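# Reading the structure
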Amino acid sequence: MHHIFTILSLGILLGFTSDDKICPENPQGIHYLKDIFADDFLVGTAIDYGEIRDTTNILHELIRNEFSAVVCENSMKADHTEPQEGIFNFRGGDAVVCYAERNGQTVTGHCLVWHSQCPAWMFGPDSCGNPVDRDILIRRMRNHIYGVCAHYRGKVKGWDVVNEAIEGDGSWRNSPYYRILGDEFIPLAFQFAHEADPDAELYYNDYGMDSPRKREAVVRLIRTLKARGLRFDAVGMQSHLSLWTDLSEYEKSIEAFAAEGVKVMATELDVSVLPWPGEMPNADISTNFEYQEKYNPYRDGLPNDILAQQADFYRQLFAIYRRHSADITRVTFWGVHDGTSWLNNFPIHGRTNYPLFFDRSLQRKPFVDDIIRDALSNSYSK
């Protein structure tokens with residue numbers, strides 16, 4: 001009784017009223033993210049085998065209660081699903097799918113074609129020792145996509161078909177896929193994915209969407225694929241952001257993609273609070289810098305002034321998402337809490353970052369309740 005009274009008292013203090021919707025599965029009326037934004041978009045998180053095997057009950061309660069969608073951080077990537085040509089391994093991905101099914105969560109497949117975390121055999125010599133050529137790579141790519149999509153047919157809502165094929169300046173990334181097949185590898189990947197699972201939604205996913213040149217390149221890609229009659233449902237804006245990201249340019253990309261008649265998703269959301277050691281922040285996982293103390297300034301905790309900056313940034317960001325909720329279908333955080341974020345080791349190994357909604361103790365950060373209150377009061381500038 002005391003626990004329920006405390007929760008209801010907290011709701012009053014935060015400005016929540018008895019008129020707010022209370023779900024049957026949530027009789028105390030706690031305002032979970034998935035419920036607050038249920039009429040706007042799915043709220044997701046990236047998990048993997050480690051989270052599923054974790055014995056911490058509060059972690060599983062957090063994932064189940066707060067999120068309506070999940071995506072594998074790694075287990076559906078090519079180096080996991082087909083480590084050797086023709087030999088598939090779905091153990092990790094299957095575990096996530098079963099976990100999501102028990103929780104009533106939507107699953108997104110990530111990802112089918114990516115130059116990184118791709119098994120060496122994809123671009124290696126054939127059985128006779130000949131260098132991989134166009135025909136061999138197309139066959140390998142088709143077989144991989146068919147094998148993975150067929151296995152998860154009916155179990156995932158959609159696929160990040162191609163990941164990170166465009167540079168920040170709008171040019172094609174000089175990946176092995178591009179060097180061997182040119183930009184044709186992208187429509188081929190979408191074609192094969194649709195053939196393998198005609199009911200699955202198909203997405204292009206990339207970072208740096210606050211770049212005007214990348215935005216223009218993605219618009220051209222949308223038009224090219226649609227002109228060829230290929231299925232294309234949404235652009236995944238990875239949304240690896242920082243306190244210095246230009247949100248006005250980010251919002252322009254949402255508007256530009258929606259104007260092309262496709263949906264938009266924030267697919268790998270986090271907001272770094274740490275200084276970037278290079279000229280321009282990016283999410284290219286090959287980026288690496290030597291450790292220096294000055295780039296790890298918050299090992300003992302986040303100062304209040306930086307937390308306030310992050311709070312203001314996230315509130316502005318979610319105001320953008322809600323303003324465009326007619327075009328946004330999903331907002332997915334890349335990790336459950338700060339302790340599981342990839343940014344603790346990128347682009348410098350061993351840093352302490354604080355990029356997510358939940359801290360290392362699995363508690364909501366104070367600004368999350370501000371965002372919830374904003375949503376309940378419908379307070380954002382149209």
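All values derive from a computational prediction rather than experimental measurement.

What counts and how
- Residues numbered from 1 in each chain as written.
- Predicted model: local features only at pLDDT ≥ 70, side-chain atom pairs only at ≥ 80, totals over all residues.
- Heavy atoms only, no water.
- Helix = DSSP H or I, 4+ residues; strand = E, 2+ residues; numbered from the N terminus.
- Rg over C-alpha atoms; globule rule 2.2 N^0.38 Å.
- Buried < 20%, exposed > 50% of the residue type's maximum accessible area, 1.4 Å probe, protein only.
- Contact = heavy atoms within 4.5 Å.
- Areas by Shrake-Rupley, 256 points an atom, 1.4 Å probe, with all protein chains shown as cover.
- Lys, Arg positive; Asp, Glu negative; His and termini not counted.
- Charge placed at Lys NZ, Arg CZ, Asp CG, Glu CD.
- Pairing = 2+ DSSP bridges.
- Axes fitted to C-alpha atoms, helices over the stretch in contact; angles between N-to-C directions.
- Parallel < 35°, antiparallel > 145°, perpendicular 65-115°, else oblique.
- Left-handed = near helix turned anticlockwise from the far one by under 90°.
- Right-handed = clockwise from strand over helix to strand, strands pointing away.
- pLDDT = per-residue confidence, 0-100.
- Expected span 1.5 Å × (residues − 1).
- Phe/Tyr/Trp six-rings, centres within 6.5 Å; stacked < 30°, edge-to-face > 60°.
- Lys NZ or Arg CZ within 6 Å of the ring centre and 35° of its normal.

The next subject is the overall build of the protein. Secondary structure summary: the protein contains 13 helices and 9 strands in total. Computed over C-alpha atoms, the radius of gyration of the protein comes to 21 Å, within 12% of the 21 Å expected from 2.2 N^0.38 for 382 residues, which places it in the range of a compact globule. In terms of principal-axis extent, the alpha carbons of the protein reach across some 70 × 45 × 40 Å. Per-residue burial for the protein yields a buried fraction of 54% across its 382 residues. Excluding contacts between residues fewer than 6 apart, the proportion of contacts in the protein whose partners are at least 24 apart in sequence is 77%. Looking at the protein as shown, the accessible area adds up to about 16,900 Å², and 49% of this sits on carbon and sulfur atoms. Within the protein, one finds 38 positive and 54 negative side-chain charges whose respective centroids are separated by 2 Å.

With that out of the way, let us pick up the pairing of strand β5 (residues 201-206). Burial analysis of β5 places 5 of its 6 residues in the buried class, the great majority of the element. In terms of strand pairing, strand β4 (residues 158-163) meets β5 through 5 bridges, oriented parallel. By the bridge assignment for β5, Asn163 is matched with Asn205. Examined bridge by bridge, β5 and strand β6 (residues 234-237) share 4 bridges and lie parallel to one another. Opposite Asn205, over in β6, you have Gly236 as the bridge partner.

Moving on, we come to the packing of helix α12 (residues 304-323) against helix α13 (residues 366-377). Interhelical geometry of α12 versus α13 gives an angle of 30° and a closest axis separation of 10 Å. With respect to α13, the axis of α12 lies roughly parallel. As α12 packs across α13, the resulting crossing turns out to be right-handed. Across the interface between the two elements, Leu307, Gln310, Ala311, Tyr314, Arg315, Phe318 and Arg322 from α12 touch Pro366, Phe367, Asp370, Ile371, Asp374 and Ala375 from α13.

Burial along β6 is two-sided: Ala234 and Gly236 and Val235 and Met237, pointing in opposite directions, are all buried. What joins β5 to β6 is helix α10 (residues 212-227), and the crossover it makes is right-handed. One ladder, built from 4 bridges, connects β6 with strand β8 (residues 263-272); its direction is parallel. Note that in β8 the partner of Ala234 across the bridge is Lys263.

With that settled, consider the confidence of the model for the protein. Looking at the protein as a whole, the pLDDT averages 92, with 91% of positions reaching at least 70. Here residues 1-24 is a poorly scored stretch, pLDDT under 50, and it has 17 contacts once near neighbours within four places are set aside; other chains count.

Taking 1.5 Å per residue as the helical rise, α13 with its 12 residues ought to reach 16 Å, and the 17 Å between its terminal C-alpha atoms agrees with that figure. Within the span of α13, buried status applies to Phe367, Val368, Asp369, Ile371, Ile372, Asp374 and Ala375. In this structure, the buried residues of α13 make contact with α2 (33-36) and α12. One or two residues past the end of α13 sits Asn378, with phi positive at roughly 60°.

The amide bond that connects His110 to the next residue, Cys111, takes the cis arrangement and shows omega of -10°. By secondary structure assignment, the location of Cys111 is in strand β3 (residues 106-114). Positive phi values are uncommon outside glycine, yet Ser239 reaches one of about 65°. Turning to its location among the elements, Ser239 is positioned in the loop between β6 and β7 (240-242). You will see that Leu362, though not glycine, has its phi angle at about 65°, which is positive.

Before going further, it helps to examine the packing of aromatic side chains. Taken as a whole, this structure holds 24 aromatic pairs when the rule is applied. Each ring, one from Tyr314 and one from Phe333, has its centre 6.5 Å from the other, and the planes form 50°; the classification is tilted. Residue Tyr314 is located in helix α12, and its partner Phe333 is located in strand β9 (residues 328-333); the two are separated by 19 residues in the primary sequence. For Phe333, a relative accessible area of 3% translates into the label buried. An aromatic cluster is present here, built from Phe37, Phe41, Tyr250, Tyr314, Phe318, Tyr321, Phe333, Phe357 and Phe367 joined pairwise through their rings. Between the NZ or CZ atom of Lys214 and the centre of the ring of Tyr207, over which it lies, the distance is 4.3 Å. The ring of Tyr354 is capped by Arg360, whose NZ or CZ atom sits 5.0 Å from the centre of that ring.

Angle between the axes and distance between the axes: these two values describe a pair of packed helices. Axis separation between helix α11 (residues 247-259) and α12 bottoms out at 11 Å; the angle between their running directions is 20°. Our classification of the angle between α11 and α12 gives roughly parallel. The chirality of how α11 crosses α12 is right-handed. Contacts from Leu247, Tyr250, Glu251 and Ile254 in α11 reach Phe313, Gln316, Leu317, Ile320, Tyr321 and Arg323 in α12.

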